[in-house]
Amino acid sequence: MRDMSRPMATIRTGPSYTMADGKGWMAMVGLSLPIWREKLRAGVAEAQAMRAMSEADVRAMTRMIEGDAAAAVNQLRATRDRQVALTTDVLPRARMAIEPAVAGYTSGQLPLVSVIEAVQALWLVQADLIAADTQLGLAWARLGRAIGSYEAMMP
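Below, the structure is looked at part by part. Because the structure is predicted, anything quoted here is derived from the model rather than measured.

With respect to the overall build of the protein
When you go through the protein residue by residue, the secondary structure sums to 2 helices and 2 strands. Reading the secondary structure of the protein in the N-to-C direction produces β-β-α-α. Taken over the C-alpha trace, the protein has a radius of gyration of 38 Å; the compact-globule value for 155 residues is 15 Å, which it surpasses by more than 25%. Looking at the protein alone, contacts between residues at least 24 apart form 55% of all its contacts between residues at least 6 apart. Carbon and sulfur atoms form 63% of the exposed surface of the protein, whose accessible area is close to 12100 Å².

A few points about the pattern of salt bridges
By the definition in use, this model includes 2 salt bridges. Between Arg 51 and Glu 55 there is a salt bridge, with the nearest N and O atoms lying 3.3 Å from each other. Here the residue Arg 51 and the residue Glu 55 both occupy positions in helix H1 (residues 37–106), the gap between them amounting to 4 residues, near one helical turn. Residue class for Glu 55 comes out partly exposed when judged on its relative accessible area of 37%. Between Asp 89 and Arg 93 there is a salt bridge whose closest N-O contact spans 3.2 Å. Here the residue Asp 89 and the residue Arg 93 both occupy positions in helix H1, the gap between them amounting to 4 residues, near one helical turn. Residue Asp 89 is classed as partly exposed on the basis of its relative accessible area, which comes to 34%.

Comments concerning the nonpolar core
Counting residues in each nonpolar core, the largest one holds 11 residues, listed as Leu 86, Leu 91, Ala 94, Ile 98, Ala 101, Val 115, Ala 118, Leu 122, Val 125, Leu 129 and Ala 132. Those elements giving two or more residues to this core turn out to be H1 and helix H2 (112–147). Counting residues per element, this core draws most heavily on H2, at 6 residues. Ignoring sequence-local partners within four residues, the contact set of Ala 118 consists of Ala 97, Ile 98 and Ala 101. Core analysis: the second largest hydrophobic core is formed by 8 residues, Ala 72, Leu 76, Ala 139 and Ala 146 among them.

Some words on the environment of Ile 116
Residue placement: Ile 116 occurs in helix H2. Note: C-alpha distance between Ile 116 and Trp 36 (80 residues apart in sequence) is 91 Å.

Digging into the side chain of Thr 79
Residue position: Thr 79 is located in helix H1. Classification of Thr 79 by relative accessible area gives buried; the value is 8%. With near-sequence residues (within four places) excluded, Thr 79 lies in contact with Ala 132, Gln 135, Leu 136 and Ala 139.

A word on the pairing of strand S2 (residues 22–32)
Where strand S1 (residues 8–18) meets S2, 11 bridges bridge the pair, whose relative direction is antiparallel. For Thr 18, the partnering residue across the bridge sits in S2 and is Gly 22. If you look at the hairpin formed by S1 and S2, you'll find 3 residues sitting between the two strands.

Describing the environment of Tyr 105
Mapped onto the fold, Tyr 105 is located in helix H1. With 14 residues separating them in the primary sequence, Tyr 105 and Val 119 have C-alpha atoms 13 Å apart. Residues contacting Tyr 105, with those up to four places away along its chain left out, are Leu 110, Pro 111, Leu 112 and Val 115.

So, how was this worked out
- Residues numbered from 1 in each chain as written.
- Predicted model: local features only at pLDDT ≥ 70, side-chain atom pairs only at ≥ 80, totals over all residues.
- Heavy atoms only, no water.
- Helix = DSSP H or I, 4+ residues; strand = E, 2+ residues; numbered from the N terminus.
- Rg over C-alpha atoms; globule rule 2.2 N^0.38 Å.
- Contact = heavy atoms within 4.5 Å.
- Areas by Shrake-Rupley, 256 points an atom, 1.4 Å probe, with all protein chains shown as cover.
- Salt bridge = Lys/Arg side-chain N within 4 Å of Asp/Glu carboxyl O.
- Buried < 20%, exposed > 50% of the residue type's maximum accessible area, 1.4 Å probe, protein only.
- Core = buried A, V, L, I, M, F, W, Y, C linked by side-chain atoms within 4.5 Å.
- Pairing = 2+ DSSP bridges.

Remember that the coordinates give geometry; whether it matters functionally is a separate question.
What follows is the structure, encoded as structure tokens:
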């Protein structure tokens, strides 16, 4: 647009062909004089505003993507911590509760209901662990989507 505010001259030459004259050579001379400078200035200002707007859009998108990635990383950490806690702490305790319940039932000190409750508690912990594993996989997928990488989906 800035170039349009200055006078311009063009000169072109090249081969031509017409039905009347046949083959020949043509020359063209052009001159452009800017008459409406205000319109040209407005066009330049509009182009600059559009450029500033697109730069602001890029900054906003970058912030949004960075925020999505940070949220996905924090969600992944929380999900991994939950899965590790279930695997290393809760599941072994649920397994350890079965042996005393069976021994108490065998010796006649505890009813069969105590053994069944201990086994049901183990099953609930195992179901929680399966859910935690699923959530961990989903968190990896969300992180991969947030950063645009399929490699990030693999633990």
